[in-house]
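Overview (structure and organization)
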Amino acid sequence: YFSTIHRLLQVNHPDFDHQHVLGDLTYITPSTSFQKLEARTTIAIPLILEYWSVQETDNMPRWFVVDERDKSTAVIENTNAEVIRNFVIPYTSTMKTAADANVPMTAATRFSSNEEMVEEVDASDRIIPTPYQMNVENDANVFDMYGISMINDELLGDLKIGATDLLYKLGVSGVYDDHKVTLLLGVTSAEISGPGSYKMDIAADGTTITGTDAP
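Computed from a predicted structure; not experimentally measured. (Residues numbered from 1 in each chain as written. Predicted model: local features only at pLDDT ≥ 70, side-chain atom pairs only at ≥ 80, totals over all residues. Heavy atoms only, no water.)

**A few points about the environment of E82**
You can see E82 is positioned in the loop between β7 (72-75) and α1 (107-120). Each C-alpha atom, one on E82 and one on N102, is 28 Å from the other, the two residues being 20 residues apart in sequence. At 2.9 Å, the side chain of E82 forms a polar contact with the side chain of R62. (Helix = DSSP H or I, 4+ residues; strand = E, 2+ residues; numbered from the N terminus. Polar contact = N/O pair within 3.5 Å; in protein donor to acceptor, adjacent residues only side chain to side chain.)

Pasting the structure below:
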């Protein structure tokens, strides 16, 4: 019996069969053609598993044997450990094929990949979610805001607590609160009209968000 994160599809040996038990547990059992296993001998049992195994830690420890005569059990000694290489031959490559272009993820490569994304994307003037349309006046001024306070936030209903908590966690609420954000219910243009649509007017003296209420 052994646990595996990859489903066992086939045992490539005429003397052995397999059966899935539950979850990740599977067992291999002698078939009708099996004779016996001599003491101090080894036998290779090729297994075909679902999907590729590209990490040594795909292999799970504590394989065990069940004696059908008295239902006694015994853990196979070299698998009874957290040291994977006690029972797994070291992988020399994580490539599935010679043409595999996948880069194995380590702490270093993941950090490097994320760092590149941060450098490539300028989020300083990005609005999330991306607006359907954005108009910037020719004489618009650039300004800083250090804190936000919301007017008419009761319009948020059940979302008010979450919105207030988020502003606090971002450090833009409860300190300076110099920029007023006013929430209004109103009519938006026919082009974007509908439940969830809104218009946002941003100016140095405050921001107004006009939303269309759900029917």
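**Considerations on the sheet that holds strand β4 (residues 25-30)**
Taken in spatial order, the three strands of this open sheet run β1-β4-β3, and their pairing is antiparallel. Each having just a single partner strand, β1 (2-3) and β3 (16-22) make up the two edges of the open sheet. (Pairing = 2+ DSSP bridges.)

**Structural notes on the packing of aromatic side chains**
The tally for this structure, following the rule as stated, stands at four aromatic pairs. For the ring pair Y1 and Y27, a centre distance of 5.0 Å and an interplane angle of 40° mean the geometry is tilted. Of the two residues, Y1 is situated in the segment before β1 and Y27 in strand β4; the sequence distance between them amounts to 26 residues. For Y1, a relative accessible area of 25% gives the class partly exposed. Relative accessible area serves as the criterion here: at 24%, Y27 is assigned to the partly exposed category. Judged by centre distance (5.0 Å) and plane angle (10°), the ring pair of Y1 and F64 falls under stacked. Of the two residues, Y1 sits in the segment before β1 while F64 sits in strand β6 (residues 64-67), which places them 63 residues apart along the sequence. Taking the relative accessible area as the measure of exposure, F64 reaches 25% and is therefore partly exposed. Through a chain of ring-to-ring contacts, three or more aromatic side chains come together here, namely Y1, Y27 and F64. (Phe/Tyr/Trp six-rings, centres within 6.5 Å; stacked < 30°, edge-to-face > 60°. Buried < 20%, exposed > 50% of the residue type's maximum accessible area, 1.4 Å probe, protein only.)

**Overview of the sheet that holds strand β9 (residues 179-185)**
Strand order in this open sheet of four strands is β8-β9-β11-β10, and the pairing throughout is mixed. Taken across any chain shown, the strands that pair with only one partner, and hence form the sheet edges, are β8 (148-151) and β10 (198-203). Across the sheet, the mean angle from the axis of one strand to that of its neighbour is 15°, orientation sign disregarded. Here β9 pairs with strand β11 (residues 206-211) via five bridges, running parallel. In the sheet register, T182 faces β11, and the bridge partner there is T208. (Axes fitted to C-alpha atoms, helices over the stretch in contact; angles between N-to-C directions.)

The quantities given are spatial measurements derived from coordinates; they are silent on function.
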